[in-house]
Each structure stands twice: as C-alpha cells, then as structure tokens.
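Residues per chain are reported as follows:
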Amino acid sequence: MIGLLVTGHAHFGSGLTSSLNLIAGEQEHYKYVDFLPEYSLDDLSRELTKAMDELKDCEGILVFSDLPGGTPFKTAVEVGFPRGNVNVIAGTNLPMMVEIAMSRKFIDDLETLTQTALETGKEQVVKYEFKKVEQQESDDGI
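Because the structure is a prediction, the values reported are computed rather than measured.

A. Region of the structure containing the overall build of the protein. When its secondary structure is counted, the protein shows five helices and four strands. Across the protein, helices and strands are ordered from the amino to the carboxyl terminus as β-α-β-α-β-α-β-α-α. Against the 2.2 N^0.38 benchmark of 14 Å for 142 residues, the protein shows a C-alpha radius of gyration of 19 Å, more extended than a compact globule. In terms of its C-alpha atoms, the protein occupies a principal-axis envelope of roughly 75 × 35 × 25 Å. The buried share among the 142 residues of the protein stands at 42%. Partitioning the intrachain contacts of the protein with sequence separation of at least 6 by distance along the chain shows that 76% fall at a separation of at least 24. In the form shown here, the protein has an accessible surface area of approximately 8,700 Å², with 52% of it arising from carbon and sulfur atoms. Both charge centroids of the protein, one from 12 positive and one from 24 negative side chains, sit 4 Å from each other.

Printed below as a string of structure tokens:
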C-alpha cells in the first residue's frame, strides 16, 4: 500500500486527518506532521523524516501539503526527494484526501495515485450556482 503523509501550517495535518477519519475511517499507513508556531525548520525536518521512516515499508509515499512553496511543502520535498519513492503535492483539500484514502486500496502505483489526487482536488473546487426553477401550469389545469 502507498503511505500517506499530510503536512501544513499550524494544525493543518491533524485537522484534515480528523475530518478524514470521520468520513472514511481510521487510516492505515498514514501519518501527519503539523508545522506548529514553536517549531524551527530543523524540528519540521526531523518530524517529517521520522514520519517518512515510519512509512518506509510502503510501496511509495504521497505527501499532501497545504501551500505550494510554503515551508512544509519545501521541507517535505527536501526530505522526501532523496528517497526516490516520494511525491509531494500542494493545495490539498478534503475531497482529495477522501478519494485517495479509498483509491489507494486498489491503486498501488505512486504516479497513478498522485494523478488521481491532483485531478480530484481540482474537480472538487466548485461554486454554488442558484438556478431558479419556474413552475409551468399545464393547459389541462392539472
């Protein structure tokens, strides 16, 4: 199974994990690392390394981060890239996480799972559009 790791600013990882577990159940081969205000860059790097080490027996690791170019994203790339089996994406949202939690049960290719995450994340960003429904009276009075 592909391991999942969620990281981001403040309680992004733990908060998203809480929501995911409520919707999709407790996840196996799953870790999160929050980048807390009191953390230094070394603290974040250490925690990401520890989480990836705990997922080392997985067929790959897909890291979800909050902001492209943010410290959690950049640090996950720095820690994960040398391992060779780690993909890091940014702009993570809950629909993406739910889809991947379910899909990784039958998708065991890291690149395919990564593409699924990117597509789902984009597709699930929507705006509500109100469309007024007009009732038409029939000619027969019914």
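Now that the structure is up, let's keep going.
B. Region of interest: the sheet that holds strand β3 (residues 61–65). Across the sheet, which stays open at both edges, the four strands sit in the order β2-β1-β3-β4 with parallel pairing between neighbours. Of all the strands in the sheet, the pair left with one neighbour each is β2 (30–35) and β4 (86–90). Between one strand axis and the next, the sheet turns through 15° on average, direction left out of account. Inspection of the sheet shows β3 paired to β4 by five bridges, in the parallel sense. Each residue of the ladder has a partner; that of L62, found in β4, is N87. Across the sheet, helix α1 (residues 12–24) is in contact with β1 (3–9), β2 and β3; its angle to β2 comes to roughly 140°.

C. Spotlight on the nonpolar core. In this structure, L62 and F64 are the most contacted members of the largest nonpolar core, which totals 19 residues. Those elements that provide at least two residues to this core are β1, α1, β3, α4 (94–103) and α5 (110–123). If you tally residues by element for this core, the top one is α4, at five residues. Setting aside its immediate chain neighbours within four residues, L62 contacts I2, G3, L4, L5, N87, I89, I100, L110, L113, T114 and A117. Grouped together as the second largest cluster of nonpolar side chains are 14 residues, A51, M52, L55 and V86 included.

D. Inspection of the side chain of N93 at higher detail. Turning to its location among the elements, N93 is positioned in the loop between β4 and α4. Polar contacts involving the side chain of N93 include one to the main-chain carbonyl oxygen of G121, which spans 3.1 Å. Excluding residues within four positions of it along the chain, N93 makes contact with G121 and V125.

Thresholds applied
- Residues numbered from 1 in each chain as written.
- Predicted model: local features only at pLDDT ≥ 70, side-chain atom pairs only at ≥ 80, totals over all residues.
- Heavy atoms only, no water.
- Helix = DSSP H or I, 4+ residues; strand = E, 2+ residues; numbered from the N terminus.
- Rg over C-alpha atoms; globule rule 2.2 N^0.38 Å.
- Buried < 20%, exposed > 50% of the residue type's maximum accessible area, 1.4 Å probe, protein only.
- Contact = heavy atoms within 4.5 Å.
- Areas by Shrake-Rupley, 256 points an atom, 1.4 Å probe, with all protein chains shown as cover.
- Lys, Arg positive; Asp, Glu negative; His and termini not counted.
- Charge placed at Lys NZ, Arg CZ, Asp CG, Glu CD.
- Pairing = 2+ DSSP bridges.
- Axes fitted to C-alpha atoms, helices over the stretch in contact; angles between N-to-C directions.
- Core = buried A, V, L, I, M, F, W, Y, C linked by side-chain atoms within 4.5 Å.
- Polar contact = N/O pair within 3.5 Å; in protein donor to acceptor, adjacent residues only side chain to side chain.

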